[in-house]
Amino acid sequence: MNIQQLVENQRNFFLNEHTLDYRFRIDQLRKLRYMLEKYEKNIYQALRQDLNKSTFETFTTELGFLYNEIKHLEKNLKEWMKDEPVDAPLTHKGTKSYIRKEPYGVTLVISPWNYPLHLAIAPAIGAIAAGNTVIIKPSEYSPSTSSLLAKMVKETFDPSFLTVVEGAKETSEALLNQRLDYIFFTGSTPVGKIVMRKASEYLTPVTLELGGKSPVIVDRDANISITAKRIVWGKFLNAGQTCVAPDYIYVHCKMKDKLIKEMKKQIKKLYKKDALTNKDYVRIVNEKHFHRLSAYLSNGVIAYGGNTDNEQLKIEPTILDQITWEDPVMQDEIFGPILPILTFETLDDAIADLKRREKPLALYYFGEKESNQEKVMTSLSFGGGCINDTLYHLANPNLPFGGVGSSGIGSYHGKYSFHTFSHQKSILKQTTKMDIPLRYPGGKLAFSLIKKILK
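Here is what the cut-offs are and how they apply
- Residues numbered from 1 in each chain as written.
- Predicted model: local features only at pLDDT ≥ 70, side-chain atom pairs only at ≥ 80, totals over all residues.
- Heavy atoms only, no water.
- 1 Å grid on protein atoms, 1.4 Å probe; cavity = no way out; pocket = protein on both sides within 12 Å on 5 of 7 lines; lining within 4 Å.
- Points joined across faces, edges and corners; volume = space filled by probe spheres on them.
- Nonpolar A, V, L, I, M, F, W, Y, C, P; charged D, E, K, R; others polar.
- Phe/Tyr/Trp six-rings, centres within 6.5 Å; stacked < 30°, edge-to-face > 60°.
- Buried < 20%, exposed > 50% of the residue type's maximum accessible area, 1.4 Å probe, protein only.
- Helix = DSSP H or I, 4+ residues; strand = E, 2+ residues; numbered from the N terminus.
- Core = buried A, V, L, I, M, F, W, Y, C linked by side-chain atoms within 4.5 Å.
- Contact = heavy atoms within 4.5 Å.
- UniProt positions renumbered as here; feature names shortened; annotations may be inferred.
- Salt bridge = Lys/Arg side-chain N within 4 Å of Asp/Glu carboxyl O.
- Pairing = 2+ DSSP bridges.
- Axes fitted to C-alpha atoms, helices over the stretch in contact; angles between N-to-C directions.

Moving on, we get to empty space enclosed by the protein. The probe, sized like a water molecule, is rolled over the atoms to show the empty space still left. For the coordinates displayed, the defined rule picks out 1 cavity of 30 Å³ or more. Put simply, the largest cavity is a space of about 50 Å³. Taken together, Gly212, Ser214, Lys235, Gly240, Thr242, Cys243, Ala245, Pro246, Asp247, Glu333, Phe335 and Gly336 make up the full set of residues lining the largest cavity. Broken down by class, the residue content of the lining of the largest cavity amounts to 4 nonpolar, 5 polar and 3 charged.

Laid out in structure tokens, this is it:
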């Protein structure tokens, strides 16, 4: 079946109003959960093949999130689907006003390779809950997971409702050439710009989940042992191939040496003395990214790590010291297990510096003084983040996840996924039992009254 026909079939399915019913949506979410449970062992195998992910890491960063998201939407969907009444001004006496959440129609989810199951299914959960049909285009860079995903979905769902289309760049282009009702893209900023240009041809709304250089600010009063442990966990999870991973550390100059010393201890605890021989340490996705990352190892001075394994495509957790803003490692998002460190003398200096840079997808601040915590959260713009932690904000389904500026447009997770894939339709219901004359022209008294009410 060609892509144009696929889109047409999904449009017909949607126009026949199959997806509008609450019971239908809940049934599809439960089928999705059943599908994941049925193929759980296969999912572990596929992610081991693509990225060398351990069972623990696959469950905590991929499957566990999806199970929890489905459960959260099942619990709340009926309430979210209800019409939302709103107040009306005095001039609207006799009316009822409300907001109805309406599905867009045929939606496209383009997912990346770094969390190839999670980032393909999580947006689809929201699209299904909101009553849309869904086409998933997974990344060709994670072929085992992509193939398994296509197999699972084909065996579980009607392709006119939910389907997976495998392929490379040409397939994505063919899909983007279609008239779609919503596009959800997760990936790099340059590709996000292409997606947005294509969407503009039909004025298709988009969500763009991008990335950027997410900083960690470590202040002078930070609890260094906890700070080091949480930075190391957040940075080297999935070998740093996470869109919200700490991209670099901006640490108070008096605390740098203590922080580096503690991070070395934590790396050894979490990934063993030789991470390259750790069978559960995630590899770099392909040779292209491996060589791109390896080139950064010549920047600054290696404070820890720096060893690589060309055959396994592994780069051990690495800390780079004596880095400047001009170094190549500081020009683009790293997306790998390399962590540069820069220093500041005052928090105000750090804030002023970061304000001049692109808005990141995440920001993490470590420090105990509440006034400084508030200053950072208020003064700097970023998608989302944590105080005294990294990454953990993603695990709360009640928080929206998304970027700002060059790090993205729109948000999702939990209720926000439902709202992202729903058009907020405003409706006013007027009575015919009376007709207030104030809005009609022709009377001085009417004009006087309306002026008094509205002014």
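This is not the end of the story, as more comes after the structure.
This part takes up the packing of aromatic side chains. How two aromatic rings sit relative to each other is set out by the distance from centre to centre and by the angle between their planes. All chains considered together, the criterion is met by 18 aromatic pairs. With a centroid separation of 6.3 Å and 45° between ring planes, the pair formed by phenylalanine 59 and tyrosine 67 is classed as tilted. A relative accessible area of 34% means that phenylalanine 59 is categorised as partly exposed. Centroid distance phenylalanine 184 to phenylalanine 421: 5.7 Å. Interplanar angle 20°. Geometry classified as stacked. Pair noted here: phenylalanine 184 is in strand β6 (residues 182–186) and phenylalanine 421 is in the loop between α14 (415–420) and β20 (422–429), with a separation of 237 residues, a long-range link.

Right, let's get into the nonpolar core. One finds Ile136, Ile249 and Met263 to be the most contacted residues of the largest nonpolar core, which totals 116 residues. Top contributing element to this core by residue count: helix α5 (residues 118–129), with 9 residues. Filtering out sequence-adjacent residues up to four positions away, isoleucine 249 remains in contact with Val216, Val218, Ile231, Leu259, Met263, Leu339, Pro340, Ile341 and Leu342. Residues Ile3, Leu6, Phe185 and Val195 belong to the second largest nonpolar core, which totals 18 residues.

The UniProt record marks Glu209 with the feature "active site" (unreviewed entry), using the residue numbering of this structure. For glutamate 209, the position within the fold is in strand β7 (residues 206–209). With near-sequence residues (within four places) excluded, glutamate 209 lies in contact with Phe184, Phe185, Thr186, Gly187, Leu361, Phe401, Gly402, Gly403, Ser407, Gly410, Ser411 and Tyr412.

Moving on, we come to the pattern of salt bridges. In total, this model carries 20 salt bridges according to the counting rule given. Close ionic contact of lysine 101 with glutamate 84 constitutes a salt bridge, the shortest N to O distance being 3.5 Å. Taken together, the residues span a long stretch of sequence, with lysine 101 in strand β2 (residues 96–103) and glutamate 84 in strand β1 (residues 84–86) at a distance of 17 residues. The salt bridge partner of aspartate 353 is arginine 356, with a shortest N-O separation of 3.4 Å. What makes aspartate 353 buried here is its relative accessible area of 9%.

Under the UniProt annotation, the feature "domain: Aldehyde dehydrogenase" (unreviewed entry) is placed at residues 19–427. Taken end to end, residues 19–427 comprises 40% helix and 20% strand; its first and last C-alpha atoms sit 21 Å apart.

Further remarks concern the sheet that holds strand β8 (residues 215–218). In spatial order, the strands read β10-β13-β14-β9-β8-β15-β16; together these 7 strands make up an open sheet with mixed pairing. For this open sheet the edge positions go to β10 (301–304) and β16 (384–387), each flanked by a neighbour on one side alone. On average, adjacent strands in this sheet sit at an angle of 25° to one another, irrespective of strand direction. Pairing geometry for β8 and strand β15 (residues 362–366), over 3 bridges, is parallel. Paired with valine 218 across the strands is phenylalanine 366, a residue of β15.

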